[in-house]
Amino acid sequence: MKEVFIIEYSDRLKSLPSQFFAALVKKVSAAIEEGRDVINLGQGNPDQPTPKHIVKALQDAAEDPKTHKYSAFRGIGELKRAANDFYKREYNVDIDPEKEVAILFGAKAGLVELPMAMMNEGELMLLPDPGYPDYLSGVGLAGVKYVSMPLLEENDFLPDYKQLTAEQKKNAKMMYLNYPNNPTGATADLSFFEKTVEVAKENDIAIVHDFAYGALGFDGKKPVSYLQAKDAKEHGIEMYTLSKTYNMAGWRVGFAVGNEKMIEAINLIQDHMYVSLFPAVQKAAATALMDDQTCVDELLALYEERRQALITECSRIGWDIKAPKGSFFAWLPVPNGFTSEGFADFLLEKADVAVAAGNGFGTHGEGYARVGLLVDKERIKEAISRIEKLEIF
Ligand SMILES: Cc1ncc(COP(=O)(O)O)c(C=O)c1O
């Protein structure tokens, strides 16, 4: 008998990208353990609680023994109908709640499942750079290839489809987009999505719009849904999450809406992986989508106030930054002479301020740092005052 039990991981697991930001979390935790007063602007975790009426809806639903059973495989009708009503109310988009909605354990789950459900090994995806790092988890698990679409400041952080070669466009099976954008804070208008649908039509590319920050558009400009573009549903889907709109990041609930075949692909893969979410969570999510939306207006006002504090303070110390148009992030150019990572390390070391180095979001993130508007405005002001003392501007 062999003495040592050798445990080997699959090539699939080994191919997953390393978590760039795990190192940041470690450094920040170590600094906090040393007793330092770190202002953490590096993460993307909403700091406000879930609105009380949604928590109450969960409590009430959890009291009902009917919610203790397995959920319907593909989620409860009440939540799918709520997703449908939400899209009609917010974006004037019609959705068939049975065929065009898939309930998700958060948008991240859907984004990681889709390449496995729709693509074969070696096929090509188009991904934004910089972009949400977890897109690469789906790429790794499905064994697909990808081409980066640079998001450049001179193009308002929108991809320039003219820069893709004819072959890339022909070979691409799926494209991910995300506006309001993490990490750049950029937004997209309807004409951009219409152009996207044209590219999708000409080249048979399935579009996936990650609308995680759909509720967060500044200066009175409501972010546009991809599904508002003409013929959008024929070529793609949108992922919506309750994590940001209702501060429900820990609840793990979201949904995908749009193209029936793509939705079916998600539902099929999920049929084999899970039995949908805890029904009480689904019921509370339906309440969030359908009840009074004052909490969303208040949340947006809070982020807007913090954003204003950041802009005013940065301008006061001579840091020339552009105001984000949406999301709860600002994308700040690092001062001359620094790399993104060098700058993030310097701020943590010398000012006890944590920011996310831009290169963690892709090679085109080099030269930037991402700052989250997820601490109160006094702490934002304090962070910039600490940076001022470093005399780098
Ligand atoms: C762009 C983007 N997409 C998706 C997600 C994941 O959202 P969820 O909590 O629904 O998994 C995030 C979370 O930070 C995000 O920033």
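The coordinates are above.
Every chain's residues receive numbers from 1 upward, in the order its sequence appears when written. Local features in a predicted model are, by the rule used here, given only for residues with pLDDT of at least 70; side-chain atom pairs are given and counted only at 80 or more, and totals for whole chains, interfaces and linings are based on all residues. Hydrogens and water molecules were not included; the side-chain quantities draw on all heavy atoms of the structure.

A. Broad picture of the nonpolar core. By nonpolar core is meant a set of buried Ala, Val, Leu, Ile, Met, Phe, Trp, Tyr and Cys residues that side-chain atoms within 4.5 Å join together. For every residue, the accessible area obtained with a 1.4 Å probe (protein chains only) is divided by the maximum for its type, and the residue is called buried under 20%, exposed over 50%, and partly exposed between those limits. Tyr87, Tyr246 and Phe255 are the most contacted members of the largest nonpolar core, which totals 106 residues. In this text, helices come from DSSP runs of H or I with a minimum length of four residues, and strands from runs of E with a minimum of two, each type numbered from the N-terminal end. Per-element accounting of this core gives the leading share, eight residues, to helix 13 (residues 294-317). Residues in contact with Tyr87, not counting those within four places in the same chain, are Asn92, Val93, Ile95, Phe211, Ser225, Leu227, Glu238, Tyr240, Phe255 and Val257. Counting 22 residues, the second largest nonpolar core, distinct from the first, contains Leu104, Leu127, Ala142 and Val208. Only heavy atoms enter the contact rule, under which two residues are in contact if any of them lie within 4.5 Å.

B. Molecular detail of the site of the ligand. It suffices for a single heavy atom of a residue to lie within 4 Å of a molecule or strand for the residue to be listed as near it. Taken together, 14 residues form the shell around the ligand, and within it Ala107, Asp210, Thr241, Ser243 and Arg252 come nearest. Here an oxygen atom of the ligand and a backbone polar atom of Lys108 are 2.9 Å apart. In the model, an oxygen atom of the ligand is placed 2.7 Å from a nitrogen or oxygen of the Tyr213 side chain. Using a 1.4 Å probe, accessible areas were evaluated by the Shrake-Rupley method; residue-level cover was limited to the displayed protein chains. Computed on the free molecule, the ligand has an accessible area of 400 Å², of which 92% lies beneath the protein chains in the complex. Secondary structure elements with two or more residues in the shell around the ligand: helix 5 (106-118) and helix 10 (242-245). Among the elements that make up the shell around the ligand, the one with the highest residue count is helix 5 (four residues). Residue classes follow a fixed rule: Ala, Val, Leu, Ile, Met, Phe, Trp, Tyr, Cys and Pro count as nonpolar, while Asp, Glu, Lys and Arg count as charged, and any other residue, Gly among them, counts as polar. Taken together, the residues that form the shell around the ligand break down as five nonpolar, five polar and four charged. Polar contact criterion, stated in full: a pair of N or O atoms within 3.5 Å, where within protein one must be able to donate a hydrogen and the other to accept it, and residues adjacent in sequence count only if both atoms are side-chain atoms.

C. How the structure looks around the pattern of salt bridges. Basic side-chain nitrogens of Lys or Arg form a salt bridge, by our definition, when they fall within 4 Å of a carboxyl oxygen of Asp or Glu. Under the criterion given, the structure shown has 28 salt bridges. The partner of Arg379 in a salt bridge is Asp37, and the shortest N-O contact between them spans 2.8 Å. On the criterion of sequence distance, the pair formed by Arg379 in helix 15 (residues 377-388) and Asp37 in the loop between helix 2 (20-33) and strand 1 (39-40) is long-range, its members being 342 residues apart. Accessibility expressed as a relative area gives 41% for Asp37, which makes it partly exposed. One salt bridge in this structure joins Glu382 and Arg386, with 2.9 Å as the shortest N-O distance. Here Arg386 and Glu382 lie together in helix 15, a separation of four residues that amounts to about one turn. Classification of Arg386 by relative accessible area gives buried; the value is 13%. What you see here is one network of salt bridges that share partners, running through Asp37, Arg379, Glu382 and Arg386.

D. Focus on the sheet that holds strand 9 (residues 329-333). By the convention used here, strands pair only if DSSP detects at least 2 bridges between them. Ordered by their spatial adjacency, three strands build an open sheet running 9-12-11, and the pairing between neighbours is antiparallel. The sheet is open, and its two borders are formed by strand 9 and strand 11 (356-357), each paired with just one other strand.

E. Inspection of the packing of aromatic side chains at higher detail. A pair of Phe, Tyr and Trp rings is counted when the ring centres sit within 6.5 Å of each other, with Trp represented by its six-membered ring. The angle between the planes then sorts it: under 30 degrees is stacked, over 60 is edge-to-face, the rest tilted. One pass over the full model with this rule turns up 30 aromatic pairs. Measuring from ring centre to ring centre gives 5.7 Å for Tyr213 and Phe329, while their planes differ by 70°; the resulting arrangement is edge-to-face. Taken together, the residues Tyr213 in the loop between strand 6 (206-210) and helix 9 (232-235) and Phe329 in strand 9 connect sequence positions 116 residues apart. Pair check on accessibility: Tyr213 and Phe329 agree, each one buried.

F. Fine view of the environment of Ser327. Mapped onto the elements, Ser327 comes out in the loop between helix 13 and strand 9. With sequence-adjacent residues up to four places away left out, Ser327 is seen in contact with Pro180, Asn181, Gly185, Tyr213, Leu216 and Phe218. Among the polar contacts listed, one links the side chain of Ser327 to the backbone nitrogen of Phe329, at a separation of 3.0 Å.

G. Region of interest: the pairing of strand 3 (residues 124-129). Of all six residues making up strand 3, six are buried, and the element is well covered by its neighbours. Judged from the six bridges that link them, strand 3 and strand 4 (residues 145-150) form a sheet pairing that is parallel. Considered in strand 4, the bridge of Pro128 is made with Met149. Handedness of the β-α-β unit built from strand 3, helix 6 (residues 135-142) and strand 4 comes out right-handed. Taken together, the three bridges between strand 3 and strand 5 (residues 172-177) define a ladder with parallel strand orientation. Its bridge partner being in strand 5, Met125 is matched across the sheet by Met174. Whether a crossover is right-handed depends on one test, that the path from the first strand over the helix to the second runs clockwise when the strands point away from the viewer.

H. Fine view of a negative patch on the surface. Patch members must show over 30% relative accessible area and no salt bridge, and they are joined within 9 Å when carrying like charges or within 5 Å when they are nonpolar side chains of Val, Leu, Ile, Met, Phe, Trp or Tyr. We score Asp and Glu as negative and Lys and Arg as positive, and we do not count His or the chain ends. In plain terms, the charge of a residue is placed at NZ if it is Lys, CZ if Arg, CG if Asp and CD if Glu. Judged by side-chain charge, Asp189, Glu194, Glu198 and Glu202 come together as a negatively charged surface patch. Along the polypeptide, Glu202 turns up in helix 8 (residues 190-203). By relative accessible area, which is 63% here, Glu202 ends up exposed.

I. Quick peek at a nonpolar patch on the surface. Taken together, Phe5, Ile7, Tyr9 and Leu13 make up a surface patch of nonpolar side chains, about 520 Å² in accessible area. Along the chain, Leu13 falls in helix 1 (residues 11-14).

J. Main features of the sheet that holds strand 8 (residues 254-258). Read across the open sheet, the seven strands follow the order 2-8-7-6-5-3-4; overall the sheet is mixed. In the strand order of this sheet, the two ends are held by strand 2 (101-104) and strand 4, each with one partner. Strand-to-strand, the axes of this sheet are offset by a mean angle of 20°, without reference to chain direction. Think of each axis as a best-fit line through the C-alpha atoms, taken over the contacting stretch in the case of a helix, with angles from 0 to 180 degrees between the N-to-C directions. Where helix 6 meets the sheet, its contacts fall on strand 3, strand 4, strand 5 and strand 6, and the angle it forms with strand 3 comes to roughly 160°.

K. Here's a closer look at unusual backbone geometry. Cis geometry marks the peptide bond from Tyr179 to Pro180, where omega comes out at -10°. Here Pro180 lies in the loop between strand 5 and helix 8. Following Asn182, the chain continues to Pro183 via a peptide bond in cis, the omega torsion being 15°. Along the polypeptide, Pro183 turns up in the loop between strand 5 and helix 8. Phi at Ser327 is positive, roughly 70°, even though this residue is not glycine.

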